[in-house]
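Survey of secondary and tertiary structure
These are the residues of each chain, in order.
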Amino acid sequence: MNLSLYFLTVLIWGTTWIAIKLQLGVVAIPVSIFYRFALAGLILFGALLLARKLQRLDRRGHWLCVGQGLCLFCLNFLCFYTATQWIPSGLVSVVFSAATLWNALNARLWFGTRIAPRVMVAGVFGFAGLVLLFWPELASQEASHETLLGLGFALLGTFCFSTGNMLSSLQQRAGIRPLTGNAYSMLYGAAILLAGCVAAGLPFDFDGSAAYVGALLYLAMFGSVVGFTAYLTLVGRMGPARAAYCTVLFPVVALSVSSYAEGYQWTPYALLGLGLVMLGNLLVFTKWSPFARRAQAAG
């Protein structure tokens, strides 16, 4: 069961990036994200109601869900969808995999958690890997402006995602189960997006093409409802540290799909960069550290 949940999470979240790319075009980005999380939130909320698993929240719980909805199901996806306009979706997923480093920094700021030396080493590997992945574009003056915009939005989206994780941690400390928190947060995020779209005067167009509708259904039902459910179930069965290994494999799946669907070209720089990013994530997720070995040798 654990193995099935693990590969299900990797497969779904590793392929959502190309589905995001398919939603770009006719429908405004904020409207597409509103459609996604309004549908996902209603499905999850309804399922919990039918199963009588939906918790009642107090005022503080609702405000935590509002914050999580803003960060996790609104701002970060606005950034990710925007980033995919300028850089391949597979590269966006690589930037997203650096969320573990943002989590370490945010945990320090929010909860005073000490940043382990291996996390700082991982940060160096991750930064070097991103530079190598984007080196062909960064070295080209023609595409550098768009590349930097895409990279900047992807990094900002990852930071918002990490902030949403901190709010989710506060929810769980308050006794709110993840599924209930996600159901409320998705609906709050959709409501914020709706208000923003109305205020900005965006038209609520809809693309009836098979590509758009298929991507919307996939992102709402599989990417949001099934993906989050599978991952949270895995966290409960294996613990968060071991379950988090699946995020290291996201870029491999996403870049493989991007190679086929978007014509992404692998280069020696890209392969080395991907390896450094994954090594950085492994350093964060595992207890291995060169500092620990030196300390044992000295002892």
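Criteria and cut-off values
Residues numbered from 1 in each chain as written. Predicted model: local features only at pLDDT ≥ 70, side-chain atom pairs only at ≥ 80, totals over all residues. Heavy atoms only, no water. 1 Å grid on protein atoms, 1.4 Å probe; cavity = no way out; pocket = protein on both sides within 12 Å on 5 of 7 lines; lining within 4 Å. Points joined across faces, edges and corners; volume = space filled by probe spheres on them. Helix = DSSP H or I, 4+ residues; strand = E, 2+ residues; numbered from the N terminus. Nonpolar A, V, L, I, M, F, W, Y, C, P; charged D, E, K, R; others polar. Buried < 20%, exposed > 50% of the residue type's maximum accessible area, 1.4 Å probe, protein only. Polar contact = N/O pair within 3.5 Å; in protein donor to acceptor, adjacent residues only side chain to side chain. Contact = heavy atoms within 4.5 Å. pLDDT = per-residue confidence, 0-100. Patch = residues over 30% accessible without salt bridge, like charges linked within 9 Å, V, L, I, M, F, W, Y side chains within 5 Å. Areas by Shrake-Rupley, 256 points an atom, 1.4 Å probe, with all protein chains shown as cover. Salt bridge = Lys/Arg side-chain N within 4 Å of Asp/Glu carboxyl O. Axes fitted to C-alpha atoms, helices over the stretch in contact; angles between N-to-C directions. Parallel < 35°, antiparallel > 145°, perpendicular 65-115°, else oblique. Left-handed = near helix turned anticlockwise from the far one by under 90°.

This part is about empty space enclosed by the protein. Taken as a whole and assessed by the stated rule, the structure comprises two cavities of 30 Å³ or more. Of the volumes computed, that of the largest cavity is approximately 200 Å³. The wall of the largest cavity is formed by 14 residues, among which Trp13, Thr16, Trp17, Phe77 and Phe96 lie closest to the centre. Of all the secondary-structure elements, those providing two or more residues to the lining of the largest cavity are helix 1 (2–22), helix 3 (59–83) and helix 10 (210–238). Residues of the lining of the largest cavity, tallied by class, amount to 10 nonpolar, three polar and one charged.

Here Ser224 lies in helix 10. Relative accessible area serves as the criterion here: at 1%, Ser224 is assigned to the buried category. Within polar-contact distance, the side chain of Ser224 engages the side chain of Arg36 at 3.1 Å. Contact partners of Ser224, with chain neighbours within four places excluded, come to Arg36, Phe37, Ala40, Met186 and Leu219.

For the chain, per-residue confidence averages 81 on the pLDDT scale, and residues scoring 70 or more make up 81% of the total. Ranking the elements of the chain by mean pLDDT puts helix 14 (residues 290–298) last with 47 and helix 2 (residues 29–50) first with 95. Every residue in residues 291–299 scores below 50 in pLDDT, and together they form four contacts with partners more than four places removed in sequence or on other chains.

Another point: the environment of Tyr81. As for its position among the elements, Tyr81 is in helix 3. Residue classification places Tyr81 among the buried residues on the basis of a relative accessible area of 0%. Each C-alpha atom of the pair Tyr81 and Trp17 lies 8.9 Å from the other, and the pair is 64 residues apart in sequence. Not counting residues up to four positions away in its chain, the partners in contact with Tyr81 are Ile20, Gln23, Leu24, Ile29, Ser32, Ile33, Arg36 and Leu219. Within the structure, Tyr81 has its side chain in polar contact with the side chain of Gln23 (distance 2.8 Å).

Bringing a nonpolar patch on the surface into the picture now. Among the surface-exposed residues, Ile43, Leu217, Met221 and Phe222 lie close enough to one another that they form a single nonpolar patch of about 320 Å² accessible area. Counting residues per element, the nonpolar patch draws most heavily on helix 10, at three residues. You can see Leu217 is positioned in helix 10.

Where helix 2 meets helix 3, the axes come as close as 10 Å, and the angle between the chain directions of the two elements is 130°. If you check the angle between helix 2 and helix 3, you find them oblique. Handedness of the helix 2/helix 3 crossing: right-handed. Here helix 2 contributes Ile29, Pro30, Ser32, Ile33, Arg36 and Phe37 to the contact with helix 3, which in turn contributes Phe73, Phe77, Leu78, Tyr81 and Thr82. Across the contact of helix 2 with helix 3, the residue classes break down as eight nonpolar, two polar and one charged.

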